[in-house]
Amino acid sequence: MENKTARASNVKAISLLILPIVLLLASIGGFVLNTLPSVLLAHFILSIFFTQCFILLHECGHLHFFKGQQLNRILGHVFGLLSGIPFYTWMHMHNLHHKWTGWRDLDPTTEKTIKPSSLVMVRIIVNVAWFLFIPIFYLGYMFSNYWNLFKIKRFLKPAMYKTAIVQVLVYFMVYAIVVYFFNAQLLKFILPGFLLSLIWKELIILTQHSHIEIPLANGNEVKPISYQEQIAFTRSFSAMPLISKYLLFNFNLHEAHHVQPGLPCYYLEDIELNNAPNSYFHWFKNAKRLSGNNFIFNTSKHSGRKF
Ligand SMILES: [Zn+2]
Ligand SMILES: [Zn+2]
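The rules we used
Residues numbered from 1 in each chain as written. Chains lettered and ligands numbered in written order. Predicted model: local features only at pLDDT ≥ 70, side-chain atom pairs only at ≥ 80, totals over all residues. Helix = DSSP H or I, 4+ residues; strand = E, 2+ residues; numbered from the N terminus. Rg over C-alpha atoms; globule rule 2.2 N^0.38 Å. Expected span 1.5 Å × (residues − 1). Bend = angle between axes of the 7 residues up to and from the residue. Buried ≥ 20, exposed ≤ 12 C-beta atoms within 10 Å, placed from the backbone. Contact = placed C-beta atoms within 7 Å. Axes fitted to C-alpha atoms, helices over the stretch in contact; angles between N-to-C directions. Left-handed = near helix turned anticlockwise from the far one by under 90°. Nonpolar A, V, L, I, M, F, W, Y, C, P; charged D, E, K, R; others polar. Parallel < 35°, antiparallel > 145°, perpendicular 65-115°, else oblique. Core = buried A, V, L, I, M, F, W, Y, C linked by C-beta atoms within 7 Å.

Peer 1: I'd love a proper account of the overall build of the chain, names of residues and values included.
Peer 2: Looking only at helices and strands, the chain features 13 helices and 0 strands. Along the chain, helices (α) and strands (β) appear in the sequence α-α-α-α-α-α-α-α-α-α-α-α-α when read from the amino end. Taken over the C-alpha trace, the chain has a radius of gyration of 19 Å; the compact-globule value for 307 residues is 19 Å, and the two agree within 12%. For the chain, the C-alpha atoms occupy an extent of roughly 55 × 50 × 45 Å along the three principal directions.

Peer 1: Provide a residue-level description of helix α8 (residues 158-209), including the pertinent values.
Peer 2: Taking 1.5 Å as the rise per residue, α8 with 52 residues should run 76 Å; its terminal C-alpha atoms sit only 29 Å apart, a clear shortfall. At Phe 182, α8 shows its largest kink, close to 95 degrees. The complete set of buried residues in α8 reads Ala 164, Tyr 171, Ser 197, Leu 198, Lys 201, Glu 202, Ile 205, Leu 206, Thr 207, Gln 208 and His 209. Positive phi appears at His 211, one or two residues downstream of α8, with a value of about 55 degrees.

Peer 1: Please set out helix α4 (residues 87-100) residue by residue, giving values where relevant.
Peer 2: Taking 1.5 Å of rise per residue, 14 residues should cover 20 Å, and α4 covers 20 Å from first to last C-alpha, within 8% of that figure. For α4, the elements touching its buried residues are α2 (36-61), α3 (69-83), α6 (136-146), α7 (149-155) and α8. A positive phi of about 115 degrees marks Gly 102, the residue just after α4.

Peer 1: I'd like to hear about the environment of Asn 34, residue by residue, with values.
Peer 2: Within the element layout of this structure, Asn 34 appears in the loop between α1 (10-33) and α2. With 9 C-beta atoms packed within 10 Å, Asn 34 lands in the exposed category. Expressed as a C-alpha distance, the spacing of Asn 34 and His 211, which sit 177 residues apart in the sequence, is 43 Å.

Peer 1: Could you give an account of the packing of α2 against α3, with specific residues and numbers?
Peer 2: The relative placement of two packed helices comes down to the angle between their axes together with the axis-to-axis distance. Their axes nearest at 8 Å, the elements α2 and α3 cross at an angle of 145 degrees. α3 is crossed by α2, and the crossing has left-handed handedness. Residues Phe 50, Cys 53, Phe 54, Leu 56, Leu 57, Cys 60 and Gly 61 of α2 pack against Asn 72, Leu 75, Gly 76, Phe 79, Gly 80, Leu 82 and Ser 83 of α3. Taken together, the residues of the contact of α2 with α3 sort by class into 9 nonpolar, 5 polar and no charged.

Peer 1: Explain the environment of Ile 18 to me, and be specific about the residues and the numbers.
Peer 2: With respect to the helices and strands, Ile 18 occurs in helix α1. Assessed through the 10 C-beta atoms surrounding it within 10 Å, Ile 18 is described here as exposed. Through-space distance from the C-alpha of Ile 18 to that of Ser 303 is 42 Å; in sequence the pair is 285 residues apart.

Peer 1: Which residues make up unusual backbone geometry, and what values go with them?
Peer 2: Backbone geometry places Asn 34, a non-glycine residue, at a positive phi of 60 degrees. In the Ramachandran plot, Phe 249 falls in the positive-phi region, its phi being about 50 degrees despite a non-glycine side chain.

Peer 1: Any chance you could break down the packing of α6 against α8 for me, citing the residues and the numbers?
Peer 2: Packing of α6 against α8 brings their axes to within 8 Å, and their N-to-C directions diverge by 80 degrees. Between α6 and α8, the interaxial angle falls into the category roughly perpendicular. Counting all contacts with α6, which are made through Phe 137, Tyr 138, Leu 139 and Tyr 141, the residues of α8 involved are Leu 198, Lys 201, Glu 202, Ile 205 and Leu 206. Grouping the amino acids of the contact of α6 with α8 by side-chain chemistry returns 7 nonpolar, no polar and 2 charged.

Peer 1: Describe in detail the nonpolar core, supporting the description with residues and values.
Peer 2: Counting 53 residues, the largest nonpolar core has Cys 53, Leu 56, Leu 57 and Trp 90 as its most contacted members. Among the elements that take part in this core, α2 stands out by supplying 11 residues, more than any other. The contact partners of Trp 90, leaving out residues within four places of it in the chain, are Leu 57, Gly 61, Gly 80, Ile 85 and Tyr 146.

Peer 1: Explain the environment of Phe 189 to me, and be specific about the residues and the numbers.
Peer 2: Tracing the backbone shows Phe 189 in helix α8. Separated by 21 residues in sequence, Phe 189 and Ser 210 place their C-alpha atoms 33 Å apart.

In structure tokens:
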């Protein structure tokens, strides 16, 4: 693997922002045209735009997308607001994900996925949602990790937790004000695309660590696993270079990202790892073949399926 210590480049970062801006303008154009096909297309295009905003939130959260921390933080809030996720809680909880990947019960984003629920009703809901593409897993991930202050309190130091409370409240108030004054426009123009984007986001983030055999600390004192060794607990998928770079901002190259979390996404394709990733379709086919409970709460060790 090449050990690249590439520096952030504003030119490269801005070149990646062209497509989301074009998508946003195209969706506005679709609404202005106001025909049934153009409006439906506008909702779809907007759902891709929101998905890209989430990936860009991830990038800015590492503070290495743009040159200079301030720009990452400012745009991080823009993408956070467009993703429904407070930037501050995202940044800190996501950093803990990078620290604890490899210990399934210590990584805040996977701690609740270690066994299926004992309640039959919950298991039925999980299976039906997974079968019907109802993104409850993404919603659970989003609210429990970045909005649930009771959970966040367990992970952040007191001073950081205070900032987290302020940020969660500020985001909540911004959304409340927008909903109060613009509810009709939100329902008509924004909500369908945003809801659709939840499905795309779920179908992307669940490729990254789900149904991989990851050890449990089980209350023992353990050390974080090195970034290089986290590859074993992470999954990438391949995509056409243009799709990978400009649509997904290399978010599909999640193994390379775990090896060098500080590397801007536009350099990830330069990292050479031993195993070439499978296609997205390979993951999709295998994941959807399993029940929701089996896919999310069990691992390859239980099902015998490695993909
Ligand atoms: Zn990850
Ligand atoms: Zn990351």
